[in-house]
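Chain by chain, the residues:
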Amino acid sequence: MQSSSGSGLPNSHQALLKNQHLLSGRLALLGVASAHLLQELPFSGLAMSEHAGVFHALERNQNWQACFGYEDSVLAQGNYDSIVVFLPKVRAELEMRLALARSLAADKARLILVGEKKEGIAGAIKQLKAVAPQAFKADSARHCQVWCAEAIEPASGFRAQDWLTWGVAECAGVTVEVAGLPGIFSQNGLDTGTRSLLETLAEQPIRADRLLDFACGAGVIGAWVQAWQAVREEPVAIIDGVDVQSQAVICARQTYQRNRTGGTIYALDGLLGLEGLWPAIISNPPFHTGVKTDISMTEQFLQGVKRHLKPGGELRLVANSFLPYEPLIKRYIGRVERLHEDSRFTVYRAFRNN
Ligand SMILES: C[S@@+](CC[C@H](N)C(=O)[O-])C[C@H]1O[C@@H](n2cnc3c(N)ncnc32)[C@H](O)[C@@H]1O
């Protein structure tokens, strides 16, 4: 999430509120980071967030149509007179968000781009001007810049599928195809931490008929585990996945489909709203919010994961070696072993003790 001050809203949302005079007609907000924004805006329209937790909070607001990321049936073409794009963390995602904005634009729609200086709004202007050369800076406020482009050129038919790319991930002689979308974790190949986790899964497999992959990203772990089991002609486990990000959920479903992986992908913020007990849970969990190290999400996961792990069930987790997870795993789950350790990553294994 973006940094905030004063009202508790992210700076970019405060900067928009200060520039409300730029908004008129039917409104679309793309990349909302806090649902509280809607209460401050005397408008209605579409509010999109790619974060499942924020999306669920948006759904509680009756005057607005909530939308989960880039693939949602409520995304109707050509309907909006003012479209606000909040700057995403990843530049490639801005391109996709701008394309979505143009597809939502009614005739003569106004586009407003808002972003923090420290998140790179200055560099993003080149991308904005590529699609709207008439854009001008309307304001600098709350450490943000607000850019405006009148009468943007609408574009037809945005489809998240058109932005999908495919890569391959290979580990221990088993290869799977992995979907990618702008903004997703490790789009350009298998992450080193994920690789360490997969290597331990090849050396010390988990014997369970159903697994949960928490923070599944593009679904690489689930697809690889099933492919590895199939190659060995072992019983193939169902591998469910959870991720908070719209792009991750889209990609994980695509990856599963392409590799014929069995399992359900849930769009959830942490374990909130998850029901069920699994004999084993695996994870390469998040450890930052934007660019800052932030382990609070994983701490919450470790606190709550026991409720979803069968007694005696295994938790297998990879993390940067400097992160202080071992005492937490011991406290919340049970005795911990390190299956792999190097200067960057440690793979932990723990069994639910009661
Ligand atoms: C380190 S990546 C791992 C992705 C994938 N498992 C892999 O190994 O390539 C962490 C993932 O956690 C997801 N994430 C971040 N916050 C989350 C949350 N609150 N609930 C669920 N997933 C979250 C991110 O979207 C990201 O896909």
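Remember, it's a predicted structure, so these values are computed and weren't measured experimentally.

### Let's talk about the site of the ligand
Piece 1. In the neighbourhood of the ligand, 19 residues make up the surrounding shell, with Thr194, Ala215, Gly217, Val244 and Pro286 lying closest.
Piece 2. When contributions to the shell around the ligand are tallied by element, the ones reaching two or more residues are helix H7 (220-231) and strand E11 (238-243).
Piece 3. Across the shell around the ligand, the residue classes tally to 10 nonpolar, six polar and three charged.

### Topic: the environment of Gly173
Piece 1. On the secondary structure map, Gly173 appears in the loop between strand E8 (165-171) and strand E9 (174-180).
Piece 2. Along the primary structure Gly173 and Val231 are separated by 58 residues, whereas in three dimensions their C-alpha atoms are 9.6 Å apart.

### Describing the sheet that holds strand E4 (residues 80-86)
Across a sheet, strands are paired by hydrogen bonds formed along the backbone, either parallel or antiparallel in direction.
Piece 1. Within the open sheet, the seven strands sit side by side as E3-E2-E1-E4-E5-E7-E6. Their pairing is mixed. Looking at strand neighbours, the two that pair on one side only are strand E3 (64-68) and strand E6 (136-141), the edges of this open sheet. Between one strand axis and the next, the sheet turns through 20 degrees on average, direction left out of account.
Piece 2. By the bridge criterion, four bridges tie strand E1 (residues 27-30) to strand E2 (residues 45-49) in an arrangement that is parallel. Paired with Leu27 across the two strands is Gly45, which belongs to E2.

### Digging into the domain arrangement of the chain
Piece 1. When its domains are assigned, the chain resolves into domain 1 (11-160) and domain 2 (164-351).
Piece 2. Residue-level contacts link 16 residues of domain 1 with 12 residues of domain 2.
Piece 3. Listed by contribution, the elements that provide at least two residues to the side of domain 1 that touches domain 2 are helix H3 (52-59) and helix H4 (91-104).
Piece 4. Ranked by the residues each element gives to the side of domain 1 that touches domain 2, the list is headed by H4, at four residues.
Piece 5. Counted by class, the side of domain 1 that touches domain 2 contains eight nonpolar, three polar and five charged residues.

### Observations regarding helix H5 (residues 121-131)
Piece 1. Within H5, the full set of buried residues consists of Ile121, Ala124 and Leu128. Down the axis of H5, the buried set is contained in an arc of 55 degrees. They therefore lie on one face. Opposite the buried face of H5, at more than 90 degrees from it, the exposed residues are Ala122, Gly123, Lys126 and Ala130.

### Here's the deal with helix H6 (residues 192-203)
Piece 1. Compared with an ideal rise of 1.5 Å per residue, which puts 12 residues at 16 Å, H6 spans 17 Å between its outermost C-alpha atoms and is within 8% of the ideal.
Piece 2. For H6, the elements touching its buried residues are E8, H7, strand E13 (278-283), strand E16 (309-320), strand E17 (336-341) and strand E18 (345-351).

### With respect to the nonpolar core
Piece 1. Leu30, Ala47, Ile83, Leu111, Val114, Trp224 and Ile281 are the most contacted members of the largest nonpolar core, which has 109 residues in total.
Piece 2. The element that contributes the greatest number of residues to this core is H7, accounting for seven residues.
Piece 3. Residue assignment places this core across two domains, with domain 1 (11-160) and domain 2 (164-351) each supplying three or more.
Piece 4. Filtering out sequence-adjacent residues up to four positions away, Trp224 remains in contact with Ala169, Cys171, Val174, Val176 and Leu198.

About the criteria used
- Residues numbered from 1 in each chain as written.
- Predicted model: local features only at pLDDT ≥ 70, side-chain atom pairs only at ≥ 80, totals over all residues.
- Near = placed C-beta within 6 Å.
- Helix = DSSP H or I, 4+ residues; strand = E, 2+ residues; numbered from the N terminus.
- Nonpolar A, V, L, I, M, F, W, Y, C, P; charged D, E, K, R; others polar.
- Pairing = 2+ DSSP bridges.
- Axes fitted to C-alpha atoms, helices over the stretch in contact; angles between N-to-C directions.
- Domains from an automatic or database assignment.
- Contact = placed C-beta atoms within 7 Å.
- Buried ≥ 20, exposed ≤ 12 C-beta atoms within 10 Å, placed from the backbone.
- Arc of directions from axis to C-beta.
- Expected span 1.5 Å × (residues − 1).
- Core = buried A, V, L, I, M, F, W, Y, C linked by C-beta atoms within 7 Å.

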